[in-house]
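Each chain is listed here by its residues.
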Amino acid sequence: MDTGRGGARARGVRADRDAGAGLRPPVNPLRLDRPTVLAITPLLREVVVALTGDDEPAATQRANLERVLLDQLRKVEALPLCLPAPSDTRLRDVAAILEADPADGRTLAELGAAVGASERTLSRLFRAETGMSFPQWRTQLRLHHALILLAGGRSVTSTAAACGYSGPSAFIQAFRHAFGTTPHAYVRS
């Protein structure tokens, strides 16, 4: 996902039985059973880019990169961020609206009117399909988007606005609650 600034991208490396780009099956060094957001080092980021880029590395280079990747993955921490993708068409439409603009401040009732469902139906579906309430899911979406923007070099103030927070203080509070640190300290580490 391009942020339009700094060239930051969200990339995935699959390390399971259906492995795509990245590791070959059945490697799963973190023993993860679902998609997980990881706090990665610059070295690990570049290894992931090399393994998932358009240019397929030669077999020897790929093996070396995979060894570095495995070594680096053993040192990373999982971030407490989970953004389940809904399967219901109406929820997917709501998710698409908010993914396109995380700062969209419409209520669930207003979003329901846009996708042709009642607030109550959407609320029930969010809880059933994602395991969280709509406000919890929206917060996770905004924090996920914030991580991408911060990785791309955006300021805390502009990230807060782009993610729909009323101001930098509200964003810093939500970020600290989710990750145990401030956005500025997170970017520095």
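The structure presented is a predicted model; accordingly, all values stated were derived computationally and were not measured.

Draft legend 1. Region of interest: the packing of helix H3 (residues 89-100) against helix H4 (residues 108-115). Put simply, H3 and H4 touch, their axes get as near as 10 Å, and they point 115° apart. Judged by the angle between their axes, H3 and H4 are roughly perpendicular. Note on packing geometry: the crossing formed by H3 with H4 is right-handed. In contact with Arg90, Asp93, Val94, Ile97 and Leu98 of H3, H4 contributes Leu111, Ala114 and Val115. In the contact of H3 with H4, the residues fall into six nonpolar, no polar and two charged.

Draft legend 2. Looking closely at the side chain of Thr159. Relative to the elements of secondary structure, Thr159 occurs in helix H7 (residues 156-162). Residues within four places of Thr159 in sequence aside, it is in contact with Ala146, Leu149, Leu150, Arg154 and Phe171.

Draft legend 3. Up close: H4. Within H4, burial applies to Leu108, Leu111, Gly112 and Val115. One side of H4 holds all its buried residues, which, seen down the axis, span an arc of 105°. Along its buried surface, H4 packs onto H3, helix H5 (119-130) and helix H6 (134-151). In the segment just after H4, Gly116 is the residue with positive phi, at about 80°.

Draft legend 4. Fine view of the pattern of salt bridges. Taken as a whole, this structure holds five salt bridges when the rule is applied. The shortest N-O distance in the salt bridge between Glu56 and Arg62 comes to 3.3 Å. Since its relative accessible area comes to 57%, Glu56 is described here as exposed. We note a salt bridge from Arg90 to Asp88, for which the minimum N-O separation is 3.0 Å. Looking at Arg90, the relative accessible area reads 30%, which means it is partly exposed. Among the charged side chains, a salt-bridge network with shared partners connects Glu56, Arg62 and Glu66.

Draft legend 5. Spatial organisation of helix H2 (residues 59-73). Here H2 is 15 residues long and its end C-alpha atoms lie 21 Å apart, about the 21 Å a rise of 1.5 Å per residue gives. Considered for burial, the residues of H2 that qualify are Arg62, Leu65, Glu66, Leu69, Leu70, Gln72 and Leu73. End-on view of H2: buried residues confined to an arc of 160°, all on one side of the axis. Along H2, the residues that are exposed and aim more than 90 degrees away from the buried face are Thr60 and Arg67.

Draft legend 6. Inspection of the nonpolar core at higher detail. Of all hydrophobic cores here, the largest spans 15 residues; its most connected members are Val94, Leu98, Leu122, Phe126, Phe134 and Trp137. Looking at this core, the elements with two or more residues in it are H3, H4, H5 and H6. For this core, the element with the most residues is H3, which contributes four residues. In terms of nonpolar packing, the next biggest core, distinct from the first, is built from 14 residues, Leu149, Ala160, Ala178 and Phe179 among them.

Draft legend 7. Quick look at the packing of aromatic side chains. Scanning the model with the defined rule gives seven aromatic pairs in all. Ring plane angle 25° and centroid distance 6.4 Å describe the contact between Phe179 and Tyr186, whose orientation is recorded as stacked.

Parameters and conventions
- Residues numbered from 1 in each chain as written.
- Predicted model: local features only at pLDDT ≥ 70, side-chain atom pairs only at ≥ 80, totals over all residues.
- Heavy atoms only, no water.
- Axes fitted to C-alpha atoms, helices over the stretch in contact; angles between N-to-C directions.
- Helix = DSSP H or I, 4+ residues; strand = E, 2+ residues; numbered from the N terminus.
- Parallel < 35°, antiparallel > 145°, perpendicular 65-115°, else oblique.
- Left-handed = near helix turned anticlockwise from the far one by under 90°.
- Contact = heavy atoms within 4.5 Å.
- Nonpolar A, V, L, I, M, F, W, Y, C, P; charged D, E, K, R; others polar.
- Buried < 20%, exposed > 50% of the residue type's maximum accessible area, 1.4 Å probe, protein only.
- Arc of directions from axis to C-beta.
- Salt bridge = Lys/Arg side-chain N within 4 Å of Asp/Glu carboxyl O.
- Expected span 1.5 Å × (residues − 1).
- Core = buried A, V, L, I, M, F, W, Y, C linked by side-chain atoms within 4.5 Å.
- Phe/Tyr/Trp six-rings, centres within 6.5 Å; stacked < 30°, edge-to-face > 60°.

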